[in-house]
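Overview (structure and organization)
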Amino acid sequence: MESSSKDNAQLFLKNTALSIDRVSSRSESSASKEKQTFCGGMKIFLCALSFVYFAKALSGSYLKSTITQIEKRFDIPSSLVGLIDGSFEIGNLLIIILVSYFGAKLHRPKIIGAGCLIMSIGTFLIAMPQFFMGHYRYEIFSSTSNSTISISPCLQDQNQIPVSALERSQAKNHAGCEKESGISMWIYVLLGNLLRGIGETPIQPLGIAYIDDYATEESAAFYIGCVQTVAIIGPIFGFLLGSLCAKLYVDIGFVDMDFLPSLKSLFGNPVYFLYLCSSIIQFNSLIGMVTYKPKYIEQQFGQSSSKTNFVIGLINIPAVALGIFSGGLIMKKFRLNVLGAARLSLASSVFGYLLLLLLFAMGCKNVDVAGLTVSYQGTKQVSHYEQTLFSDCNSECICSKNEWDPICGENGITYVSACLAGCKTSNGSGKDMIFYNCSCVEIPAFASRPSSAVAGPCPKGNECPKMFLYFLVVSVMTSYTLSIGGTPGYILLLRCINPQLKSFALGIYTLAIRVLAGIPAPVYFGVSIDTTCLKWGSKRCGGQGACRLYDSNAFRYIYLGLTVVLGTMSTFLSIAVLIVLKKRYIPHNETIVSSGERGKTSSKSRKSDFINSDHLIQSTYWPEKETRL
């Protein structure tokens, strides 16, 4: 019995130990799973916390950037604005001890989420006065220009004003006071900022502690550094946003933004509309020409990319800058009015595009490439078909038609590859490689001697460097001449419209140029240029690559032809602008006013000529010419 009891006891202890081991193993596995879950969710928590840090820093710095606007909007002293700004710290201090102590015992991410919700409510509360208050009224002197009563700005006696006028003024003041009863809505801003402070309280202590608890020891410092970095970036965007919003009208919901009527007025002005169309077409010409000018120089004259960019930067761009400066200088020296500006702009376009015509004669011939621009027998041809790359002389070789590794034969003809040239052996490496026994490289005078070729295409003819020099001279003259019309064109644009629409007109002009010239011009110029390609490259994984060889003559005619055609169309529209301008131009010294009524009617005639009609052109300066806000 005793032995059996001992056995039972040992069995019981063994089972107990097994159960304990199982429980411990289960707890360890569950702990490891829990740790893996936390590690997986840590990145999500880190991203969310970083966003919250950024948002709270941005909103706080933005509110500080609007302190002066709040002061003016609610007409309150700086001391009260200071209380509004400090309400955030008050809300933070109210619960920071409670949150720091009890928050660690609860679900910290949920508490942080609740704090974010409170912050958002506070932010919406801050914005509420803008939507519930009336029209914002600027504190300016009330003009009496519509009244026939002459009142001194410095009133010393109320007897100076008639009783009826005084009563009306007092009634307006009382009505204004009634409307401004909503000015105490600054309380909403204070309460909203207070809620922001309350909601922000759990974010920092609980968020940082949570990262330190569940992140690995080596990663915790990095994660905390990321969060703090985002918190520093937030104020940058907050103050930038404050700078942007400070330029907007506080009563943007009440101000009549006169968009469609203003747009109708602009496009109803024939001078503005014709000049806009002329500029769009001209910029299509100029943008297309400038975009593909480096490519044109490389392909037409065989220049390297380095030299091409150097020449454009050193010669062409300074010529453009000098032309723009010269246009402004001519306007000032000769005191040109709006008609003179239109004539100068037209003249620069006409002479510029006439100079451009000279470039048609300044080009180089095609490089002799076997199978593309010349046959393997040496006769001139232009072929867009890749089958012409094969001939009897290379029929024994297994060559690829997609390969582009040109070599220059002794006969001065370029071959697409050494294989297509029928070369049997080679010596050297890289650029110094020489190919021998090339069956397609025929030299009639030395038919018995084995022919050879070197790596790289053959250079263009001897006349090409001279043509390139002529091209540079004419190109610089063209750039300078066309640029002279830039400043007069802007003067014409500004003087042909109502002064109140000046900024809007410039915005529409810039938008139209970018959308209708800057975007499409490089596209259709490029498509047209691609039609002159004789040899396309191929990608490693298949498909068409970049063009390796262009037909020089076709390239020149299409590139310069598109530029000249568009420039000619622009010139005709510029002529139409000048014709319409002459019909509608009313110079100041031609205003017909009788000698007896000159003093009474001069100002009225000016206003009727320049303000009330968008179709009449500003010719001289007048006191009310500037835009009135």
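These notes cover the structure that comes with them. Position numbers for residues start from 1 in each chain and track the written sequence from start to end. Only residues with pLDDT of 70 or above have their local features reported here, since the model is predicted, and side-chain atom pairs are shown and tallied only from 80 upward, although totals for entire chains, interfaces and linings are computed over all residues. No hydrogens and no water enter the side-chain calculation; it runs on all heavy atoms of the structure.

1. Points about the overall build of the protein chain
Which entries qualify depends on this criterion: Secondary structure elements follow DSSP: runs of H or I no shorter than four residues count as helices, runs of E no shorter than two count as strands, and numbering proceeds from the N terminus. Only protein chains enter the accessibility calculation, which uses a 1.4 Å probe. A residue is then buried if its area is under 20% of the maximum for its type, exposed if over 50%, and partly exposed in between. By definition, residues are in contact when any of their heavy atoms lie within 4.5 Å. For every accessible area listed, the method is Shrake-Rupley and the probe measures 1.4 Å; residues are considered covered only by the protein chains on display.
Broken down by element type, the protein chain carries 19 helices and seven strands. For the protein chain, the proportion of its 629 residues judged to be buried stands at 37%. Of the contacts made within the protein chain by residues no fewer than 6 positions apart, 72% connect residues no fewer than 24 positions apart. Of the roughly 37300 Å² that the protein chain leaves accessible, carbon and sulfur atoms contribute 63%.

2. Here's the deal with the state of the cysteines
Convention followed: Any two cysteine sulfur atoms lying within 2.5 Å of each other are counted as a disulfide.
Summed over all chains, the structure comprises six disulfides. Disulfide pairing places Cys399 opposite Cys419 at an S-S distance of 1.9 Å. Between Cys399 and Cys419 the sulfur-sulfur dihedral comes to about -85°; the bridge is accordingly left-handed. Taken together, the positions of Cys399 in the loop between helix H13 (338-357) and strand E1 (407-409) and Cys419 in the loop between strand E2 (414-415) and strand E3 (425-427) put the pair 20 residues apart, joining distant regions of the chain. Take Cys419: its relative accessible area is 23%, and that puts it in the partly exposed class. Covalent S-S linkage joins Cys408 and Cys458, the inter-sulfur distance amounting to 1.9 Å. Taking the sign of the S-S torsion, about 105° here, the bridge from Cys408 to Cys458 comes out right-handed. Here Cys408 is found in strand E1, whereas its partner Cys458 is found in the loop between strand E5 (452-455) and helix H14 (464-484), with 50 residues between them in sequence. For Cys408, a relative accessible area of 14% puts it in the buried group. Each bonded cysteine of the protein chain gets a number by its place in the sequence, and the pairs then read 1-10, 2-8, 3-5, 4-9, 6-7, 11-12.

3. Quick word on the pairing of E5
Convention followed: In this scheme, strands are said to pair when DSSP sees at least two bridges between them.
Here E1 runs beside E5; their pairing, made up of three bridges, is antiparallel. When the sheet's bridge partners are listed, Ile407 is paired in E5 with Ala455.

4. With respect to a nonpolar patch on the surface
Inclusion rule: Two distance rules govern patches: like charges are joined within 9 Å, and nonpolar side chains (Val, Leu, Ile, Met, Phe, Trp, Tyr) within 5 Å, applied only to residues with over 30% relative accessible area and no salt bridge. A side-chain nitrogen of Lys or Arg and a carboxyl oxygen of Asp or Glu constitute a salt bridge if their distance falls within 4 Å.
A grouping of Ile233, Ile236, Phe237 and Leu240 is seen on the molecular surface, where their side chains present a nonpolar patch of about 380 Å² in accessible area. Note that Leu240 resides in helix H8 (residues 217-245). Note on Leu240: relative accessible area 54%, which makes it exposed.

5. Regarding the sheet that holds E1
Strand order across the open sheet formed by five strands is E2-E1-E5-E4-E3, with antiparallel pairing between neighbours. The open sheet terminates on both sides in strands that have one partner only, identified here as E2 and E3. Two strands pair when backbone bridges link them, and E1 and E2 are joined in this way by two bridges, in the antiparallel orientation. Bridging across to E2, Cys408 finds its partner in Thr414.

6. Thoughts on the pattern of salt bridges
For the structure on display, the rule yields four salt bridges. The closest approach of N and O atoms between Asp213 and Arg108, which form a salt bridge, is 2.9 Å. Placement of Asp213 in helix H7 (residues 203-214) and of Arg108 in helix H4 (residues 108-132) is noted, with a sequence separation of 105 residues between them. A relative accessible area of 11% means that Arg108 is categorised as buried. The salt bridge partner of Lys380 is Asp368, with a shortest N-O separation of 2.8 Å. Taken as a pair, Lys380 in the loop between H13 and E1 and Asp368 in the loop between H13 and E1 lie far apart in primary sequence, 12 residues in all.

7. A word on helix H16 (residues 502-518)
Selection criterion: Expected helix span is given by 1.5 Å per residue-to-residue step, counting one fewer step than there are residues. The arc in question is traced by the directions running from the helix axis to the C-beta atoms.
Under the 1.5 Å per step criterion, the end-to-end length of H16 is 22 Å for 17 residues, consistent within 8% with the ideal 24 Å. Taken residue by residue, H16 has Lys502, Ala505, Ile508, Tyr509, Ala512, Ile513 and Ala517 as its buried positions. The arc enclosing the buried residues of H16, seen along the axis, measures out at 135°, which places them on a common side. Among the exposed residues of H16, those pointing more than 90 degrees away from its buried face are Ser503, Leu511 and Arg514. Where H16 is buried, its residues contact helix H9 (259-267), helix H10 (270-291), helix H15 (486-495) and helix H17 (520-530).

8. Description of the pairing of strand E6 (residues 533-538)
Pairing of E6 with strand E7 (residues 544-550) involves four bridges; the strand directions are antiparallel. Across the sheet, the residue bridging to Cys533 is Tyr550, located in E7. Between E6 and E7, which follow one another and run antiparallel, lie five residues, and Gly542 among them has a positive phi close to 95°.

9. Quick word on the packing of aromatic side chains
Keep this limit in mind: The criterion for an aromatic pair is that two Phe, Tyr or Trp rings (for Trp, the six-membered ring) have centres within 6.5 Å, with stacked assigned to planes under 30 degrees apart, edge-to-face to planes over 60 apart and tilted to the rest.
A complete count under the given rule lists 18 aromatic pairs for this structure. Residues Tyr210 and Tyr214 carry aromatic rings whose centres are separated by 4.8 Å and whose planes lie at 45° to one another, so their mutual orientation is tilted. You can see Tyr210 and its partner Tyr214 sitting in helix H7, four residues apart, about one turn around the helix. Residue classification places Tyr214 among the partly exposed residues on the basis of a relative accessible area of 29%.

10. Focus on unusual backbone geometry
Negative phi is the rule for most residues except glycine; trans is the rule for most peptide bonds. With a phi angle near 50°, Arg335 is a residue other than glycine that sits in the positive phi range. By the secondary structure assignment, Arg335 is in the loop between helix H12 (305-333) and H13. Owing to a relative accessible area of 77%, Arg335 belongs among the exposed residues under this scheme. A positive phi angle, close to 55°, is found at Asn437, a residue other than glycine. Along the chain, Asn437 turns up in the loop between strand E4 (434-436) and E5. The partly exposed category is assigned to Asn437, whose relative accessible area is 37%.

11. Here's the deal with the packing of H13 against H14
What counts here: Fitted lines through C-alpha atoms serve as axes, helices being fitted only where they are in contact, and the angles separating the N-to-C directions of these axes extend from 0 to 180 degrees. In these notes the angle categories are as follows: under 35 degrees is roughly parallel, over 145 is roughly antiparallel, 65 to 115 is roughly perpendicular, and the rest is oblique. Left-handed is the label given to a crossing in which the near helix is rotated counterclockwise from the far helix by less than a right angle, and right-handed is the label when the rotation is clockwise. For this classification, the nonpolar set comprises Ala, Val, Leu, Ile, Met, Phe, Trp, Tyr, Cys and Pro, the charged set comprises Asp, Glu, Lys and Arg, and every other residue, Gly included, is treated as polar.
One way to put it is that H13 packs onto H14 with a least axis distance of 7 Å and a crossing angle of 165°. Considered as vectors, H13 and H14 are oriented roughly antiparallel to each other. Between H13 and H14 lies a crossing of left-handed hand. Counting all contacts with H13, which are made through Leu344, Ser348, Ser349, Phe351, Gly352, Tyr353, Leu355 and Leu356, the residues of H14 involved are Val474, Met477, Thr478, Thr481, Leu482 and Ile484. For the contact of H13 with H14, the residue count by class is nine nonpolar, five polar and no charged.

Limitation: the analysis is restricted to geometry and does not speak to function.
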